[in-house]
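Here are the chains, one letter per residue:
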Amino acid sequence: MTKPTVLLGALAAVSVIFATPASARPLTVYATTTPILYRYAACLYDGSAPTAEAQIAQCAPLKAQLEEEGKDVIERFHVVERYTVEQNLRRGFLQQELELKQLRNAGKFVPAAMLDYWKCMGEGAMAAEDYIAADAVNYIGIEGDCFRSTIKPARKVISGAEKTSLRLLYRRFRRNGRLTFPAARQTPQNGPAGTRLQFVEELDIGFLNVGQLSEKKA
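Description of the structure in this document. This one's a predicted model, so the numbers in the text were calculated from it and none came from an experiment.

1. Re the packing of helix H2 (residues 34-44) against helix H5 (residues 82-105)
When two helices pack together, their arrangement is captured by the angle between the axes and the distance separating the axes.
So, step 1. H5 packs onto H2 with a crossing angle of 25° between their chain directions and a minimal axis gap of 11 Å. The pairing of H2 with H5 is recorded here as roughly parallel in orientation. You can see that H2 and H5 cross each other, and the crossing is right-handed. Here H2 contributes Ile36, Leu37, Tyr40, Ala41 and Leu44 to the contact with H5, which in turn contributes Leu89, Gly92, Phe93, Gln96, Glu97 and Leu100.
So, step 2. Residues of the contact of H2 with H5, tallied by class, amount to 8 nonpolar, 2 polar and 1 charged.

2. Focus: the packing of aromatic side chains
So, step 1. Applying the stated criterion to the full structure yields 13 aromatic pairs.
So, step 2. Between tyrosine 40 and phenylalanine 93, the ring centres sit 5.1 Å apart and the planes meet at 80°, which makes this aromatic pair edge-to-face. Linking tyrosine 40 in helix H2 with phenylalanine 93 in helix H5, this pair joins segments that are 53 residues apart in sequence.
So, step 3. Both rings, one in tyrosine 117 and one in tyrosine 170, keep their centres 5.4 Å apart while their planes meet at 80°; by these two values the pair is edge-to-face.

3. Structural notes on the packing of helix H6 (residues 112-127) against helix H9 (residues 160-173)
So, step 1. For the pair H6 and H9, interaxial distance at closest approach is 9 Å and the crossing angle is 20°. Compared by their axis directions, H6 and H9 come out roughly parallel. Crossing handedness for the pair H6 and H9: right-handed. When H6 is examined against H9, the residues Ala112, Ala113, Met114, Tyr117 and Trp118 are found in contact with a partner set consisting of Glu162, Leu166, Leu169, Tyr170 and Phe173.

4. Describing H5
So, step 1. In this model, H5 (24 residues) spans 35 Å end to end at C-alpha, consistent with the 34 Å of a helix rising 1.5 Å per residue.
So, step 2. Within H5, burial applies to Val85, Asn88, Leu89, Gly92, Phe93, Gln95, Gln96, Glu97, Glu99, Leu100 and Leu103.
So, step 3. Buried positions along H5 lie against strand S1 (27-30), H2, helix H3 (52-58) and helix H4 (60-77).
So, step 4. Two residues or fewer past H5, glycine 107 is found with a positive phi of approximately 70°.

5. Description of the pattern of salt bridges
So, step 1. Applying the stated rule across the entire model yields 10 salt bridges.
So, step 2. Here arginine 39 ties to glutamate 69 by a salt bridge, and the two come within 2.7 Å at their closest N and O atoms. With arginine 39 in helix H2 and glutamate 69 in helix H4, this pair connects stretches of sequence that are 30 residues apart.
So, step 3. Of the residues examined, arginine 39 reaches a relative accessible area of 13% and is grouped as buried.

About the cut-offs
Residues numbered from 1 in each chain as written. Predicted model: local features only at pLDDT ≥ 70, side-chain atom pairs only at ≥ 80, totals over all residues. Heavy atoms only, no water. Axes fitted to C-alpha atoms, helices over the stretch in contact; angles between N-to-C directions. Helix = DSSP H or I, 4+ residues; strand = E, 2+ residues; numbered from the N terminus. Parallel < 35°, antiparallel > 145°, perpendicular 65-115°, else oblique. Left-handed = near helix turned anticlockwise from the far one by under 90°. Contact = heavy atoms within 4.5 Å. Nonpolar A, V, L, I, M, F, W, Y, C, P; charged D, E, K, R; others polar. Phe/Tyr/Trp six-rings, centres within 6.5 Å; stacked < 30°, edge-to-face > 60°. Expected span 1.5 Å × (residues − 1). Buried < 20%, exposed > 50% of the residue type's maximum accessible area, 1.4 Å probe, protein only. Salt bridge = Lys/Arg side-chain N within 4 Å of Asp/Glu carboxyl O.

Set out below in C-alpha coordinates:
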(Lines give C-alpha, C1' and ligand atoms only; values in the text may rest on other atoms or scores of the structure.)
Protein backbone atom coordinates (compact mmCIF):
# COMPACT_ATOMS: atom_id res chain seq x y z
CA MET A 1 0.00 0.00 0.00
CA THR A 2 2.90 2.34 0.67
CA LYS A 3 4.30 2.48 -2.89
CA PRO A 4 0.95 3.24 -4.62
CA THR A 5 0.24 5.92 -2.03
CA VAL A 6 3.61 7.55 -2.61
CA LEU A 7 3.13 7.34 -6.38
CA LEU A 8 -0.32 8.92 -6.22
CA GLY A 9 1.06 11.69 -4.03
CA ALA A 10 3.85 12.41 -6.47
CA LEU A 11 1.45 12.47 -9.42
CA ALA A 12 -0.84 14.85 -7.55
CA ALA A 13 2.06 17.18 -6.84
CA VAL A 14 3.07 17.15 -10.50
CA SER A 15 -0.50 17.87 -11.61
CA VAL A 16 -0.64 20.88 -9.29
CA ILE A 17 2.60 22.24 -10.75
CA PHE A 18 1.35 21.94 -14.34
CA ALA A 19 -2.09 23.31 -13.43
CA THR A 20 -0.56 26.49 -12.04
CA PRO A 21 -0.90 29.26 -14.63
CA ALA A 22 2.30 30.94 -15.72
CA SER A 23 0.84 34.29 -14.71
CA ALA A 24 0.89 33.14 -11.07
CA ARG A 25 4.69 33.04 -11.00
CA PRO A 26 6.54 36.01 -9.49
CA LEU A 27 8.24 38.22 -12.05
CA THR A 28 11.67 39.58 -11.13
CA VAL A 29 12.19 43.20 -12.20
CA TYR A 30 15.13 45.55 -11.82
CA ALA A 31 14.76 49.26 -11.13
CA THR A 32 16.87 50.06 -14.18
CA THR A 33 14.65 48.17 -16.64
CA THR A 34 11.24 48.81 -15.07
CA PRO A 35 10.72 51.95 -17.23
CA ILE A 36 11.32 49.81 -20.32
CA LEU A 37 8.62 47.34 -19.25
CA TYR A 38 6.27 50.24 -18.56
CA ARG A 39 6.70 51.59 -22.09
CA TYR A 40 6.03 48.18 -23.65
CA ALA A 41 2.97 47.68 -21.44
CA ALA A 42 1.53 51.02 -22.59
CA CYS A 43 1.51 49.73 -26.16
CA LEU A 44 0.71 46.09 -25.53
CA TYR A 45 -2.43 46.54 -23.44
CA ASP A 46 -4.09 49.37 -25.37
CA GLY A 47 -6.57 47.00 -27.01
CA SER A 48 -6.55 48.65 -30.44
CA ALA A 49 -5.88 45.41 -32.38
CA PRO A 50 -8.60 42.74 -32.74
CA THR A 51 -6.53 39.87 -31.30
CA ALA A 52 -3.63 39.42 -28.89
CA GLU A 53 -1.41 38.21 -31.73
CA ALA A 54 -2.25 41.28 -33.81
CA GLN A 55 -1.55 43.53 -30.84
CA ILE A 56 1.87 41.93 -30.31
CA ALA A 57 2.65 42.39 -34.01
CA GLN A 58 1.51 46.02 -33.84
CA CYS A 59 3.89 46.66 -30.93
CA ALA A 60 6.80 44.73 -32.49
CA PRO A 61 8.64 47.84 -33.76
CA LEU A 62 8.50 49.40 -30.30
CA LYS A 63 9.66 46.16 -28.71
CA ALA A 64 12.66 46.02 -31.06
CA GLN A 65 13.50 49.60 -30.15
CA LEU A 66 13.16 48.87 -26.43
CA GLU A 67 15.36 45.79 -26.71
CA GLU A 68 18.12 47.94 -28.20
CA GLU A 69 17.63 50.65 -25.59
CA GLY A 70 17.63 47.95 -22.92
CA LYS A 71 21.05 46.69 -24.01
CA ASP A 72 22.44 50.20 -23.65
CA VAL A 73 20.78 50.74 -20.26
CA ILE A 74 22.11 47.45 -18.89
CA GLU A 75 25.57 48.18 -20.28
CA ARG A 76 25.62 51.54 -18.47
CA PHE A 77 24.15 50.51 -15.13
CA HIS A 78 25.22 46.90 -14.60
CA VAL A 79 28.48 44.99 -14.45
CA VAL A 80 28.28 42.01 -12.10
CA GLU A 81 24.66 41.04 -12.82
CA ARG A 82 24.48 42.11 -16.48
CA TYR A 83 23.51 38.71 -17.90
CA THR A 84 20.84 38.19 -15.24
CA VAL A 85 19.27 41.59 -15.89
CA GLU A 86 19.20 40.95 -19.65
CA GLN A 87 17.58 37.57 -19.08
CA ASN A 88 14.95 39.02 -16.76
CA LEU A 89 14.08 41.79 -19.20
CA ARG A 90 13.46 39.21 -21.93
CA ARG A 91 11.32 37.20 -19.52
CA GLY A 92 9.44 40.36 -18.66
CA PHE A 93 8.51 40.98 -22.30
CA LEU A 94 7.38 37.37 -22.73
CA GLN A 95 5.37 37.47 -19.52
CA GLN A 96 3.62 40.65 -20.62
CA GLU A 97 2.68 39.01 -23.92
CA LEU A 98 1.41 35.89 -22.17
CA GLU A 99 -0.75 37.98 -19.88
CA LEU A 100 -2.12 39.92 -22.85
CA LYS A 101 -3.48 36.64 -24.21
CA GLN A 102 -4.93 35.75 -20.82
CA LEU A 103 -6.46 39.20 -20.56
CA ARG A 104 -8.14 38.88 -23.95
CA ASN A 105 -9.35 35.34 -23.26
CA ALA A 106 -10.92 36.46 -19.99
CA GLY A 107 -12.61 39.47 -21.60
CA LYS A 108 -10.73 41.87 -19.32
CA PHE A 109 -8.96 45.15 -20.04
CA VAL A 110 -6.52 47.72 -18.70
CA PRO A 111 -7.98 51.22 -18.18
CA ALA A 112 -6.72 53.81 -20.66
CA ALA A 113 -5.46 56.03 -17.83
CA MET A 114 -3.08 53.27 -16.76
CA LEU A 115 -1.65 53.06 -20.26
CA ASP A 116 -1.01 56.80 -20.18
CA TYR A 117 0.55 56.50 -16.72
CA TRP A 118 2.95 53.74 -17.84
CA LYS A 119 3.98 55.76 -20.89
CA CYS A 120 4.49 58.91 -18.83
CA MET A 121 6.51 57.12 -16.15
CA GLY A 122 8.63 55.07 -18.55
CA GLU A 123 9.50 57.91 -20.88
CA GLY A 124 9.96 60.41 -18.06
CA ALA A 125 12.32 58.19 -16.06
CA MET A 126 14.43 57.29 -19.09
CA ALA A 127 14.72 60.91 -20.23
CA ALA A 128 16.03 62.09 -16.85
CA GLU A 129 19.63 63.29 -16.90
CA ASP A 130 20.73 61.06 -14.02
CA TYR A 131 19.26 57.99 -15.77
CA ILE A 132 21.05 58.82 -19.02
CA ALA A 133 24.28 59.27 -17.06
CA ALA A 134 23.67 55.96 -15.16
CA ASP A 135 23.82 57.83 -11.86
CA ALA A 136 20.30 57.01 -10.67
CA VAL A 137 16.79 55.83 -11.42
CA ASN A 138 14.70 58.79 -10.42
CA TYR A 139 10.94 59.38 -10.24
CA ILE A 140 11.09 62.52 -8.08
CA GLY A 141 8.94 65.12 -9.82
CA ILE A 142 7.95 62.59 -12.49
CA GLU A 143 5.50 60.40 -10.60
CA GLY A 144 3.47 63.32 -9.27
CA ASP A 145 3.16 64.90 -12.70
CA CYS A 146 2.22 61.55 -14.28
CA PHE A 147 -0.42 60.90 -11.63
CA ARG A 148 -1.97 64.36 -11.99
CA SER A 149 -2.11 64.17 -15.78
CA THR A 150 -3.42 60.58 -16.11
CA ILE A 151 -4.84 58.82 -13.04
CA LYS A 152 -6.37 61.74 -11.16
CA PRO A 153 -8.60 63.16 -13.93
CA ALA A 154 -9.71 59.67 -15.03
CA ARG A 155 -11.13 58.91 -11.59
CA LYS A 156 -13.83 61.53 -12.14
CA VAL A 157 -15.25 60.06 -15.34
CA ILE A 158 -14.80 56.26 -15.36
CA SER A 159 -17.18 53.59 -14.09
CA GLY A 160 -16.97 51.98 -10.66
CA ALA A 161 -15.52 48.68 -11.96
CA GLU A 162 -12.94 50.49 -14.06
CA LYS A 163 -12.08 52.72 -11.13
CA THR A 164 -11.40 49.62 -9.00
CA SER A 165 -9.03 48.18 -11.64
CA LEU A 166 -7.28 51.52 -11.99
CA ARG A 167 -6.80 51.84 -8.24
CA LEU A 168 -5.32 48.33 -7.97
CA LEU A 169 -3.00 48.85 -10.93
CA TYR A 170 -1.84 52.24 -9.72
CA ARG A 171 -1.02 50.79 -6.33
CA ARG A 172 0.95 48.00 -8.03
CA PHE A 173 2.92 50.12 -10.49
CA ARG A 174 3.53 53.51 -8.92
CA ARG A 175 7.19 54.16 -8.16
CA ASN A 176 8.51 56.90 -5.91
CA GLY A 177 11.89 58.31 -5.00
CA ARG A 178 15.41 58.04 -6.35
CA LEU A 179 17.79 55.08 -6.38
CA THR A 180 21.45 56.07 -6.67
CA PHE A 181 24.04 53.88 -8.39
CA PRO A 182 26.29 52.05 -7.69
CA ALA A 183 25.19 52.27 -4.04
CA ALA A 184 21.80 50.83 -5.06
CA ARG A 185 23.15 47.29 -4.72
CA GLN A 186 23.44 47.78 -0.97
CA THR A 187 19.90 49.22 -0.58
CA PRO A 188 17.80 47.12 1.85
CA GLN A 189 15.35 45.01 -0.10
CA ASN A 190 12.20 45.60 1.88
CA GLY A 191 8.98 47.56 1.75
CA PRO A 192 5.96 46.87 -0.49
CA ALA A 193 6.28 47.42 -4.24
CA GLY A 194 5.45 50.94 -5.28
CA THR A 195 6.27 52.65 -1.98
CA ARG A 196 10.02 52.85 -2.52
CA LEU A 197 12.59 52.09 -5.17
CA GLN A 198 14.50 48.84 -4.81
CA PHE A 199 17.44 47.55 -6.78
CA VAL A 200 15.49 44.38 -7.60
CA GLU A 201 12.06 43.17 -6.59
CA GLU A 202 9.45 40.57 -7.44
CA LEU A 203 5.99 41.32 -8.77
CA ASP A 204 3.79 38.61 -7.29
CA ILE A 205 1.35 36.88 -9.64
CA GLY A 206 3.06 37.96 -12.83
CA PHE A 207 3.16 41.46 -14.29
CA LEU A 208 -0.49 42.52 -14.23
CA ASN A 209 -2.08 40.06 -11.83
CA VAL A 210 -4.82 39.48 -14.43
CA GLY A 211 -7.25 38.05 -11.90
CA GLN A 212 -7.71 41.40 -10.16
CA LEU A 213 -8.91 43.25 -13.26
CA SER A 214 -12.49 43.96 -14.35
CA GLU A 215 -14.22 42.46 -17.38
CA LYS A 216 -15.34 44.58 -20.28
CA LYS A 217 -18.99 45.56 -20.30
CA ALA A 218 -20.98 44.06 -23.16
